[in-house]
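Each chain, letter by letter, is given below.
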Amino acid sequence: MPERPEGILDWLEQAGRRPEGGLRFVDRTETATWFGWAEIRERARAACGGMQALGIERGARVALIFPTGIDFFVAFFGALLAGAVPVPLYPPARLGRREEYVRRTAQLLERSGARLILSESRLCRILGDALQETHLALGCRTLEDLPVESPRTILAAPSDLALVQFSSGTTGDPKPVALSHRAVAAQAEILAGFWPDSPEQRQSCVSWLPLYHDMGLIGCVFPALARDATLTLFAPELFVACPALWLRTLSRYRATISPAPNFAYNLCLNRVSDKDMEGVDLSGWQTALNGAESISPGVLQAFCERFAAWGFRPEAMTPVYGLSEAALAVTFSDLARPYRVTHFDREKLAREGRARASVNGREIVSVGRPVPGFRLRIVGPEGCDLPAGDVGQVWIQGPSLMEGYLGDPEATANVLRDGWLDTGDLGFQYAGELYLAGRAKDAVILRGRNHAPEEIERAVEEVPGLRTSSAVAVSWLPEDAPGEELALFVEASRQAAPEELAALPDACREAVLGATGLAVDRLEVLAPGTLPRTSSGKLRRGETLRLYLAGELAGLESAASLRLSGVLA
Amino acid sequence: MILAGIAEVARAHLGWDGVVTPDLRLIEDLRLDSIRLLTLAAEVENRFRVLLDEGDEAGIETVGDLVAVVRGKLDA
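The shown structure was predicted, so the numbers you read here are calculated from the model rather than taken from an experiment.

K.L.:
Explain the overall build of chain B to me, using residue names and the numbers behind them.
P.N.:
Helix and strand counts for chain B come out as four helices and zero strands. Going from N to C terminus, chain B has its helices and strands arranged as α-α-α-α. Computed over the C-alpha atoms, the radius of gyration of chain B is 11 Å, within 12% of the 11 Å expected from 2.2 N^0.38 for a compact globule of 76 residues. C-alpha atoms of chain B, sized along the principal axes, occupy 30 × 25 × 20 Å. For chain B, the residues scored as buried account for 37% of the 76 residues in total. In chain B, once contacts between residues fewer than 6 apart in sequence are set aside, the share between residues at least 24 apart is 56%.

This is how it looks when you write it as structure tokens:
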């Protein structure tokens, strides 16, 4: 009989042998609370018994809505021990629109098919109404509300689902990405393999990334568990409020690894003062992973220059590429050398889709080579492999690909073919490394988070003076910008009154802010019939962006107001 | 006093250079996206040494609402 591969539950069973293995939570006063893996396991067992007493069985989905803290992990591992499938969802944003949050959460719950939500009592109250519309048989409960009963051991098979995380997919509303135990374990092992412990050094990681995000959960938590190591965590809202907390925490605990999206490095540049950095030493930070969104070469350079004074080394900066559908990482830059930026001829890249090095060309950051076990292809429009230097769709194959989008075989078949995943990203290979060059899929990616363009477009549907179903939302990384920008293109209605037209740009921005919490960086009001459509009348988002960048999309009124995206004042 | 403090936070941390009045709505008028709303909440907490929780934040739509919640916390 073949040996069953090790998975999260085996690691949980074995963890806690080293006295230093566990989770450390840092709060706003920079005070730490520590929980060993053995204690986490015992508390998770109790939660498992409680869920089983409620009727949660193997394969049942359990939604988890918690801020960063011990309760998330008790619920997460408790669900896994019960053979159930955790579905981490995001808690409400501070001062955000409550009704929008509830509406969107209800949608995600519906799509995940969750039977139970585990959360905090204050969130259970907020979510009360959302539950009416979903199939949540067991309602919303806190860990304290769970019945007390001894757990029964359920041994998950490697092919059982271990996790559902949401992604924008290639088109349409957010999609539940279903990952098996095998896939999640394979990804965690790949990552853990990059940082072997030595007698001189135990690797450790600091993360403020959300636990409903693959880079936070799969990238940080599982490798720490697999290695019985300590992981230091704090909440994403604390990072945004005080970015210096990230650098200070790294320094205080002598952490060697910490990942974040491009926007976070930019936020440090803009919001961390020299005074905040007093006593901070970043020389122990060996790997500053940078992924989950487009990477700005300017931000990388500025970060390395600014923080060199506190010991930050350019070799530490490590651009990477991955996506939820692959559990997480697909390519890594070389850990031992500084990140690589190459200049490419602008015209050839934009017009011919060919990458040719050119001294004064556009700078693009290399995201490196496939991680062990992964392969990639660059595929042309006819489905054939393209030669190095040609821009095409990035297809990947590896041991941690998703099983599919939960309950959506059609969307799954669109991206998973013969064991290969069409990422929907555009890219090319140059000198053996992958460079990204935009997206073929319709996804808006801002601050490391994917948004379905439909959610943004739907927000302006009711704005007076707009033509029905004639809005396109896209994001991309403009040259020299510190991050991706969000552009919204709308067509005015033929019947729009002059005062409605005048109010349109503001009304659209307000509608998008209110519904999604996103600020529109560029807004273009177009004449009716201007947006490119397919023969069946569907809007073509990628083509809209191409026309706009080529200067071929005539605005009714150019309302472009360029804001420094991601920059707070 | 509280209004002036919030105006100072808006100037220093949110890039707002206009006058801050109680009737201004945080999202529509001050144009705060989710990251700026979070910054506002955190900076107001720092400045007035109060803690806002989910319940406090539920009904806040305008600057005036925020002033009232902070005042309630300070008086308590």
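Further notes follow.
K.L.:
Please give an account of the sheet that holds strand β6 (residues 140–141) of chain A that cites residues and values.
P.N.:
Residue and element names in this part refer to chain A. Reading across the sheet, the four strands line up as β4-β3-β5-β6 and stay open at both edges, with parallel pairing between neighbours. The sheet is open, and its two borders are formed by β4 (85–88) and β6, each paired with just one other strand. Pairing geometry for strand β3 (residues 61–65) and β4, over four bridges, is parallel. Its bridge partner being in β4, Leu64 is matched across the sheet by Pro88. Against the sheet, helix α3 (residues 70–81) contacts β3, β4 and β5 (116–119), and its axis sits at roughly 175° relative to β3.

K.L.:
Which residues make up the confidence of the model for chain B, and what values do they have?
P.N.:
Scored by pLDDT, chain B has a mean of 91; 100% of the residues are at 70 or more. In the model output, the complex is listed with pTM 0.93 alongside ipTM 0.88.

K.L.:
Hey, could you go over the nonpolar core for me, with residue numbers and the actual values?
P.N.:
Within the largest apolar cluster, 208 residues are counted, with the highest numbers of intra-cluster contacts made by Val62(A), Leu64(A), Val184(A), Leu488(A) and Val512(A). Two domains each provide a minimum of three residues to this core, namely domain 1 (200–444) and domain 2 (452–558) of chain A.

K.L.:
Which residues make up the packing of helix α6 (residues 181–194) of chain A against helix α7 (residues 214–226) of chain A, and what values do they have?
P.N.:
Residues and elements named next belong to chain A. Closest axis-to-axis distance for the α6/α7 pair is 9 Å, and the angle between their directions is 80°. If you check the angle between α6 and α7, you find them roughly perpendicular. Contact residues: Val184, Gln187, Ala188, Glu189, Leu191 and Ala192 in α6; Ile218, Gly219, Phe222, Pro223 and Ala226 in α7. Within the contact of α6 with α7, the residues separate by chemical class into eight nonpolar, two polar and one charged.

K.L.:
Give a detailed account of helix α10 (residues 262–271) of chain A, specifying residues and quantitative values.
P.N.:
Residue and element names in this part refer to chain A. α10 sits mainly inside the fold: seven of its 10 residues count as buried. Along α10, the positions that sit buried rather than exposed are Asn262, Phe263, Ala264, Tyr265, Asn266, Leu267 and Cys268. Check the buried side of α10 and you find it contacts α9 (244–252), β11 (257–260), β12 (287–290) and α11 (297–307).

K.L.:
Can you break down the environment of Glu28(B) residue by residue, with the values?
P.N.:
If you trace the backbone, Glu28(B) turns up in the loop between α1 (2–14) and α2 (34–48). Judged by the 17 C-beta atoms lying within 10 Å of it, Glu28(B) falls in the partly exposed class. C-alpha separation for the pair Glu28(B) and Thr62(B), spaced 34 residues apart in sequence, amounts to 9.3 Å. When sequence neighbours within four positions are dropped, the list of residues in contact with Glu28(B) reads Glu510(A) and Gly514(A).

K.L.:
Break down unusual backbone geometry for me, with residues and values.
P.N.:
Residues and elements named next belong to chain A. We note that Glu30 has phi near 65°; this positive angle belongs to a residue other than glycine. Residue placement: Glu30 occurs in the loop between β1 (22–26) and β2 (32–36). At Asp418, a position not held by glycine, the phi torsion is positive, near 50°. Considering the arrangement of structural elements, one finds Asp418 in the loop between β21 (416–417) and β22 (420–430).

K.L.:
Quick rundown of the interface of chain B and chain A? Include the residues and the values.
P.N.:
On the side of chain A, 20 residues touch chain B, which itself brings 22 residues to the contact. By residue number, the principal contributor to the side of chain B that touches chain A is α2(B), which donates nine residues. In terms of residue class, the side of chain B that touches chain A is made up of 11 nonpolar, five polar and six charged.

K.L.:
Mind laying out the domain arrangement of chain A, listing which residues take part and the relevant values?
P.N.:
All names here are of chain A. Segmenting chain A into domains produces domain 1 (200–444) and domain 2 (452–558). Using only C-alpha atoms to locate each centre, domain 1 and domain 2 end up separated by 29 Å. Each partner contributes to the interface: domain 1 provides 13 residues, whereas domain 2 provides 16 residues. When residues of the side of domain 1 that touches domain 2 are traced back to their parent elements, those giving at least two are α10 and α11. Residue contributions to the side of domain 1 that touches domain 2 peak at three residues, all from α10. Class assignment of the residues belonging to the side of domain 1 that touches domain 2 gives a composition of four nonpolar, six polar and three charged.

K.L.:
Give me the packing of helix α2 (residues 37–54) of chain A against α3(A): which residues, what numbers.
P.N.:
All names here are of chain A. Relative to each other, α2 and α3 sit at 60°, their axes nearing to 7 Å. Put simply, α2 runs oblique to α3. Once α2 is placed against α3, the crossing between them reads as right-handed. Along the contact surface, α2 presents Ile40, Arg41, Arg43, Ala44, Arg45, Ala47, Cys48 and Met51, while α3 presents Phe73, Val74, Ala75, Phe77, Gly78, Ala79 and Leu81. Of the residues contributing to the contact of α2 with α3, the split by class is 11 nonpolar, one polar and three charged.

K.L.:
Please give an account of the sheet that holds strand β20 (residues 404–405) of chain A that cites residues and values.
P.N.:
Residue and element names in this part refer to chain A. Spatial strand order, β7-β8-β20: three strands in an open sheet with antiparallel pairing. Two strands in the sheet have a free side with no partner beyond their single neighbour: β7 (161–167) and β20. Note that β7 and strand β8 (residues 175–180) share six bridges and pair antiparallel. Paired with Phe166 across the two strands is Pro176, which belongs to β8.

Conventions we followed
- Residues numbered from 1 in each chain as written.
- Chains lettered and ligands numbered in written order.
- Predicted model: local features only at pLDDT ≥ 70, side-chain atom pairs only at ≥ 80, totals over all residues.
- Helix = DSSP H or I, 4+ residues; strand = E, 2+ residues; numbered from the N terminus.
- Rg over C-alpha atoms; globule rule 2.2 N^0.38 Å.
- Buried ≥ 20, exposed ≤ 12 C-beta atoms within 10 Å, placed from the backbone.
- Contact = placed C-beta atoms within 7 Å.
- Pairing = 2+ DSSP bridges.
- Axes fitted to C-alpha atoms, helices over the stretch in contact; angles between N-to-C directions.
- pLDDT = per-residue confidence, 0-100.
- Core = buried A, V, L, I, M, F, W, Y, C linked by C-beta atoms within 7 Å.
- Domains from an automatic or database assignment.
- Parallel < 35°, antiparallel > 145°, perpendicular 65-115°, else oblique.
- Nonpolar A, V, L, I, M, F, W, Y, C, P; charged D, E, K, R; others polar.
- Left-handed = near helix turned anticlockwise from the far one by under 90°.

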